[in-house]
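Summary of the model geometry
Below, each chain spelled out in residue letters.
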Amino acid sequence: MSTRIAGSHAVMRSLIEEGVEYIFGYPGGAIMPVYDSMMDYQKEIKHILTRHEQGAVHAAQGYARVTGRVGVCMATSGPGATNLITGIADAMIDSTPLVCITGQVVSPLLGTDAFQETDVVGISMPVTKWNYLVTKAEEIPWAISQAFYIASTGRPGPVLIDITKDAQFAEFDFEYKKCKGIRSYIPKTDVDLKKIDEAAAIINQAKKPYILFGQGILLGNAENEFRAFVEKSGIPAAWTILGVCALPSDHPNNMGMLGMHGNYSTNIMCNECDALIAIGMRFDDRVTGDLKRFAKQAKIIHLEIDDAEVDKNVKTDVAVLGDVKDSLPLLTEKIEKKDHGQWIEEFRKLDKIEYEKVIQKDFYPEKEGLTMGEVIRRINERTKGEAIIVTDVGQQQMFASRYAKFKNTRSFVTSGGLGTMGFGLPAAHGAKIGAPDKDVILFVGDGGIQMTIQELGTINQTQAAVKIVLMNNKYLGMVRQWQELFFDRRYAETYLMNPDFITIAKGFGIEGKKVLHRPDLDASIDEMLAHKGAYLLEVSIEKENNVFPMVPTGASVSEVILEPQKK
């Protein structure tokens, strides 16, 4: 039965129909009718007022990543809409489901360069899975229904709906129908059983098989299916930065992280295995290094939902298209139960080398200055792998990826493909909103936090108990590391004259403490974790605290280095 309402109310009613609990947003003229309507739906949907539109979209990402639900953000036209673009692009490359709603000038003014008019549909087209300009109120429920279906099915991603102000004011007979399919859109294909047989044959014949797994397992809710496959096959498995939580850190077949700053063994063995089974990952350049020298000795099997990713970077021998939740059980049924203990031992021998040359120095440094590795180790010991870890982008991101331990799925949130500095603080806020009963710990650098530091105000206003660990080395650390290693220590424009972060936090009503010396670290961590509200723990870090191992740009994964090369 239909009810006659204004388009602005239709937006809210449609979101309620989709089960939305939170909107992260920032009001303005072109979206004001919707914000006015929010007053009538405060029991059903909570709005969180961020301090910048980029904060809204990153918070929606953090919320989506920990809950598995579609994140929702909202902004006005012009600069409000364009301020969302960085986060939308981030969500697109990291396959995060978002519905972004923006206001637009009234229909008669479209194309006239009216005040705060921007073609956000045109701008966002390359970085959205789908977008649509609504000019009539009647289109609102249809567009929102389509948006949620497209954002959440197949390979997830962000969508954007731009709604003119006159469409928000106009009245129509509202009726909502959830989208259950679109004729031109096929979110996933049926699994080809012949491909399953071909893949199983390669796996069963392999002497040194190797699994590379990514976020596709998490997005497909296939953690249990993946674990069953790993345990029956006995195959060692390594993860991309976004796939870390698909298998518990302490699982005996979990070998560690792949890629530029991944583990020594996991990189070396890519060019030693005879079968490479890639599951829900896309062979990103930060994982493969030089493609011309990546796994040329191995037969490649790729389980993937998005056919555009198959053979894009690495040529496969067998491609199994479909949702991994469907394909993995079929493959598990066909493979033989094996013990690859001797092959796994080859990884462990290399792990010992990495521990002696890298990890031991990170965890128990000889220098007086604190290291990021030891801070993360000590926080790990106290949270026992139960916390949700969020990072910004840079050295702290790589250290956290390498050393944080996880027991639970959807416990790690970071900007992967786009590498967006400023992501961490608002994403941690969104993660805490999505998982209020979990400890949410953010690792952030002194460069990244200053890009979105105003979101401390949002955290204070919502009383979200985010624990912020600020690794302060007074540099843009990752850029400085590259300058040290590849540009003769010419530290051009990477030194930061930083503010007093603790005073800033307290200005936003957030408690904090600064740690300068190692003897004070443990008690300060305990104080942070015991504090009931948000807390900023600033740790002064050794300047030349570099992330190793490292695969230099353009190098083969076999050329991974464990320490700076002598000149």
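Parameters and conventions
Residues numbered from 1 in each chain as written. Predicted model: local features only at pLDDT ≥ 70, side-chain atom pairs only at ≥ 80, totals over all residues. Heavy atoms only, no water. Helix = DSSP H or I, 4+ residues; strand = E, 2+ residues; numbered from the N terminus. Rg over C-alpha atoms; globule rule 2.2 N^0.38 Å. Contact = heavy atoms within 4.5 Å. Areas by Shrake-Rupley, 256 points an atom, 1.4 Å probe, with all protein chains shown as cover. Lys, Arg positive; Asp, Glu negative; His and termini not counted. Charge placed at Lys NZ, Arg CZ, Asp CG, Glu CD. Pairing = 2+ DSSP bridges. Axes fitted to C-alpha atoms, helices over the stretch in contact; angles between N-to-C directions. Buried < 20%, exposed > 50% of the residue type's maximum accessible area, 1.4 Å probe, protein only. Salt bridge = Lys/Arg side-chain N within 4 Å of Asp/Glu carboxyl O. Parallel < 35°, antiparallel > 145°, perpendicular 65-115°, else oblique. Left-handed = near helix turned anticlockwise from the far one by under 90°. Nonpolar A, V, L, I, M, F, W, Y, C, P; charged D, E, K, R; others polar.

**Thoughts on the overall build of the chain**
Along the chain, the regular secondary structure elements total 23 helices and 20 strands. Its C-alpha atoms give the chain a radius of gyration of 24 Å, near enough to 24 Å, the size a compact globule of 567 residues would have. Expressed as lengths along the three principal axes of its C-alpha atoms, the size of the chain is roughly 70 × 60 × 40 Å. Restricting to contacts in the chain with at least 6 residues of sequence separation, those with at least 24 account for 77%. When the accessible area of the chain is evaluated, it comes to approximately 23100 Å², of which 51% is carbon and sulfur surface. Taken as two groups, the 63 positive and 73 negative side-chain charges of the chain have centres that lie 4 Å from each other.

**Overview of the sheet that holds strand E9 (residues 209-213)**
The parallel open sheet is built from six strands, whose spatial order is E11-E10-E9-E12-E13-E14. Since the sheet does not close on itself, it has two edges, and those belong to strand E11 (254-257) and strand E14 (318-321), each with one partner. Strand-to-strand, the axes of this sheet are offset by a mean angle of 20 degrees, without reference to chain direction. One ladder, built from three bridges, connects strand E10 (residues 237-239) with E11; its direction is parallel. Directly across from alanine 238, in E11, lies its bridge partner glycine 256.

**Looking at the side chain of lysine 432**
On the secondary structure map, lysine 432 appears in helix H18 (residues 424-434). Of the side chains bearing the opposite charge, aspartate 439 lies closest to the buried lysine 432, which forms no salt bridge; the N-O distance is 5.2 Å. Among all residues touching lysine 432, those that are not within four sequence positions of it are Lys438, Val440, Ala464, Ala465 and Val466.

**A word on the packing of helix H11 (residues 223-233) against helix H14 (residues 324-334)**
Describing two packed helices takes the angle between their axes plus the distance from one axis to the other. In the contact formed by H11 and H14, the axes pass within 9 Å of each other and the chain directions differ by 20 degrees. Relative to H14, the element H11 lies roughly parallel. For the pair H11 and H14, the sense of crossing is left-handed. For the pair formed by H11 and H14, the contact residues are Glu225, Phe226, Ala228, Phe229 and Lys232 on the first element and Lys325, Leu328, Pro329, Leu331, Thr332 and Glu333 on the second. When grouped by side-chain class, the residues that make up the contact of H11 with H14 number six nonpolar, one polar and four charged.

Nothing here speaks to function; it is all geometry.
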